[in-house]
Amino acid sequence: MNSLASSVLGISIPVDGDEDSASGASVVAIDNKIEQAMDLVKSHLMYAVREEVEVLKEQIKELVERNSLLERENALLKSLSNNDQLSQLSTQQANLSSTSQQQTVIAQPPQPAQPPQQPNVSSA
């Protein structure tokens, strides 16, 4: 009867000992599908991470080159300047930092004005 139901209706009806093997097979199939899905997610994540790493490596390379250029420029400017100019620059930087510190101090709000007091006049 099982083969008739299976061939006509496309379903499998477990017979006594078949029940355990059918549920065991479905559990294995589900486990395989889950494993495949997890592998797919893992591969997508790894791909995304690799792309991000490449972008970051390129940014680091550009920043290192820019830093090197600025260091060379700084060394050149220092070599072309004299001690008086360097001391003036240091003084200007100190003034700028103190000015910026003063500007960041939050001013206290003004105190509300006191209403004028009414003179004590009694009416006669």
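Calculation notes
Residues numbered from 1 in each chain as written. Predicted model: local features only at pLDDT ≥ 70, side-chain atom pairs only at ≥ 80, totals over all residues. Heavy atoms only, no water. Helix = DSSP H or I, 4+ residues; strand = E, 2+ residues; numbered from the N terminus. Buried < 20%, exposed > 50% of the residue type's maximum accessible area, 1.4 Å probe, protein only. UniProt positions renumbered as here; feature names shortened; annotations may be inferred. Patch = residues over 30% accessible without salt bridge, like charges linked within 9 Å, V, L, I, M, F, W, Y side chains within 5 Å. Areas by Shrake-Rupley, 256 points an atom, 1.4 Å probe, with all protein chains shown as cover. Salt bridge = Lys/Arg side-chain N within 4 Å of Asp/Glu carboxyl O. Lys, Arg positive; Asp, Glu negative; His and termini not counted. Charge placed at Lys NZ, Arg CZ, Asp CG, Glu CD.

A. A look at the overall build of the protein. Across its full length, the protein holds three helices and zero strands. Looking at the 124 residues of the protein, the share that counts as buried comes to 1%.

B. Expanded view of the UniProt feature "coiled-coil region" (unreviewed entry) in the protein. Annotation from UniProt places "coiled-coil region" (unreviewed entry) at residues 46–80. Secondary structure content for residues 46–80 is 100% helix and 0% strand, while the C-alpha to C-alpha distance between its ends is 51 Å.

C. Summary view of a negative patch on the surface. Together, Glu54, Glu58, Glu62 and Glu65 make up a region of like negative charge exposed at the surface. Checked against the element boundaries, glutamate 62 lands in helix 2 (residues 18–80).

D. Structural detail: a nonpolar patch on the surface. On the surface, Ile30, Ile34 and Met38 cluster together into a nonpolar patch covering about 310 Å² of accessible area. Mapped onto the elements, isoleucine 34 comes out in helix 2. For isoleucine 34, a relative accessible area of 44% puts it in the partly exposed group.

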